[in-house]
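Each chain is listed here by its residues.
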Amino acid sequence: KLLVRRGDAYVDSQSAEDMKLRRGSLTSPGENSPYRDRTVDENLQLLEAMRNGDLPAGSAVLRAKIDMASPNLNLRDPALYRVKEATHPRTGDAWRLYPMYDFAHALSDAIEGITHSLCTLEFEDHRPLYDWVVAKCPEVRDDAWVLGCLSKAGGNPEDYRASPETPTPIETEPPLKPPRQIEFSRLNVAHTVMSKRKLAKLVDDRLVNGWDDPRLPTLSGLRRKGVPPAALREYAERVGVSKADAFIESEVLEDCVRDVLDESAARAFGVLRPLPLTVVDWTEADEADEALEAPRHPKKDFGVR
């Protein structure tokens, strides 16, 4: 609402196809929406209708008013809120207004006092929008202001609809510093499926035995496989952080596991498939049993076996 009152957001009633056509391309600027110059009162009225579910899904979206000619497509009046006919896990069917990821990402970081938001490289082009949302919404970095809004918005939906909240801007700089988004390359392991979406499909289609299947590169799967936590920390330190896309060979993790287990695991030998032998040079003068001792670890004092 503050964005609308400040002239930084508006309700767009175009269809998704029309918005896509007016967005432009990497080589051509976009066109302003015919609803971009709606009055503040009209935008606030439509925003309340979106929130209460009076408008069907796809009929309107709340868009940021930035620059339709920006070379960064993410800054060409991106959508902030849309109507979605879905049941929320906490509020149920009370509201029909859902935020877009880029908007919720920046707001949640600012509200929770996040100092550095670490993202993978595909979010690098989204950083200007992240900074725009943080700069345009300083109120969310004020705990008292946030609690005041939540106390009313989180109450009875009918009471709210009868008397909608009217948030007021803060006059001073909020105590929390604005968060920063920093990008780095994702961890790509050669010949290994790392996508959560693809891993979820394997689990949902019952091609593996759950998320803790030792064949999956999940923490629970690696734990079940016997990989110690110290090996994962050592692996992360060896790989490091960079901005260059690279594929790490799986042998690097196996080498880390060997190094950790070499320092902490005791040695033991077992005969899985014993073969019967007849000793022909054993005399009656020899003892019936002969025992040998060997250290449990070649370097550490783990006792003998």
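About the thresholds
- Numbers given to residues run from 1 along each chain, matching the order in which its sequence is written.
- Local features in this predicted model are restricted to residues whose pLDDT is 70 or higher, and side-chain atom pairs enter the listing and the counts only when it is 80 or higher, whereas totals over whole chains, interfaces and linings include all residues.
- Each side-chain value is derived from all of the structure's non-hydrogen atoms; neither hydrogens nor water enter the calculation.
- Helix numbers and strand numbers start at the N terminus; a helix is a DSSP run of H or I with at least 4 residues, a strand a run of E with at least 2.
- What the globule rule says is 2.2 Å times the number of residues to the power 0.38, and the radius of gyration is computed from C-alpha atoms.
- Categorising residues by exposure relies on relative accessible area from a 1.4 Å probe, with only protein chains included: less than 20% of the type maximum marks a residue as buried, more than 50% marks it as exposed, and the intermediate range marks it as partly exposed.
- In this analysis, strands are considered paired if DSSP registers two or more bridges between them.
- A fitted line through C-alpha atoms represents every axis, and for helices the fit uses only the stretch in contact; the resulting angles, taken between N-to-C directions, go from 0 to 180 degrees.
- To sort the angles, those under 35 degrees are grouped as roughly parallel, those over 145 as roughly antiparallel, those from 65 to 115 as roughly perpendicular, and the leftovers as oblique.
- Handedness of each helix crossing follows the sense of rotation of the near helix against the far helix: counterclockwise by less than a right angle gives left-handed, clockwise gives right-handed.
- Contact criterion: two residues are considered in contact whenever any of their non-hydrogen atoms come within 4.5 Å of each other.
- The residue classification treats Ala, Val, Leu, Ile, Met, Phe, Trp, Tyr, Cys and Pro as nonpolar and Asp, Glu, Lys and Arg as charged. All others, Gly included, are polar.
- Any pair of nitrogen or oxygen atoms within 3.5 Å is treated as a polar contact; in protein, a donor-acceptor pairing is required on top of that, and neighbouring residues in sequence qualify only through side-chain atoms on both sides.

Visitor: Mind laying out the overall build of the chain, listing which residues take part and the relevant values?
Guide: Along the backbone of the chain there are eleven helices and eight strands. In terms of C-alpha radius of gyration, the chain reaches 30 Å, well past the compact-globule figure of 19 Å for 305 residues. The principal-axis extent of the C-alpha atoms belonging to the chain is close to 110 × 50 × 40 Å. Within the chain, the fraction of its 305 residues that count as buried is 31%.

Visitor: Describe the pairing of strand E1 (residues 9–12), with residues and values.
Guide: With burial as the criterion, each face of E1 is covered, one bearing Ala-9 and Val-11 and the other bearing Tyr-10 and Asp-12. Here E1 runs beside strand E2 (residues 61–64); their pairing, made up of four bridges, is antiparallel. Its bridge partner being in E2, Val-11 is matched across the sheet by Leu-62.

Visitor: Run through the environment of Ala-144, naming residues and quoting values.
Guide: Relative to the assigned elements, Ala-144 resides in helix H6 (residues 143–153). You can call Ala-144 exposed: its relative accessible area is 58%. Between the C-alpha atoms of Ala-144 and Ser-242, which are 98 residues apart in sequence, the distance is 38 Å.

Visitor: Could you give an account of the packing of helix H10 (residues 229–239) against helix H11 (residues 250–264), naming the residues involved and the relevant values?
Guide: Following both chains from N to C, one finds H10 and H11 inclined at 130°, their axes separated by 8 Å at the closest point. Overall, the two elements H10 and H11 adopt an arrangement that is oblique. Helix-helix and strand crossings are classified by hand; for H10 and H11 the assignment is right-handed. The residues of H11 that touch H10, namely those facing Ala-230, Ala-231, Leu-232, Glu-234, Tyr-235 and Arg-238, are Val-252, Leu-253, Asp-255, Cys-256, Val-257, Asp-259 and Val-260. In terms of residue class, the contact of H10 with H11 is built from nine nonpolar, no polar and four charged.

Visitor: So what about the side chain of Ser-117? Which residues, and what values?
Guide: On the secondary structure map, Ser-117 appears in strand E5 (residues 116–120). At 2.9 Å, the side chain of Ser-117 forms a polar contact with the side chain of His-105. With residues up to four places along the chain from it excluded, the contact list for Ser-117 reads His-105, Asp-109, Tyr-130, Arg-180, Gln-181 and Ile-182.

Visitor: Can you explain the packing of helix H4 (residues 101–111) against helix H5 (residues 127–136)? Please cite residues and give values.
Guide: A pair of packed helices is characterised by two quantities: the angle between their axes and the separation of those axes. Running from N to C, H4 and H5 point in directions that differ by 55°, and their axes come no closer than 9 Å. Looking at the two axes, H4 sits oblique to H5. Seen along the crossing, H4 lies across H5 with a hand that is right-handed. Across from Asp-102, Phe-103, His-105, Ala-106, Leu-107 and Asp-109 in H4, the residues of H5 making contact are Leu-129, Tyr-130, Val-133 and Val-134. Split into classes, the residues belonging to the contact of H4 with H5 amount to seven nonpolar, one polar and two charged.

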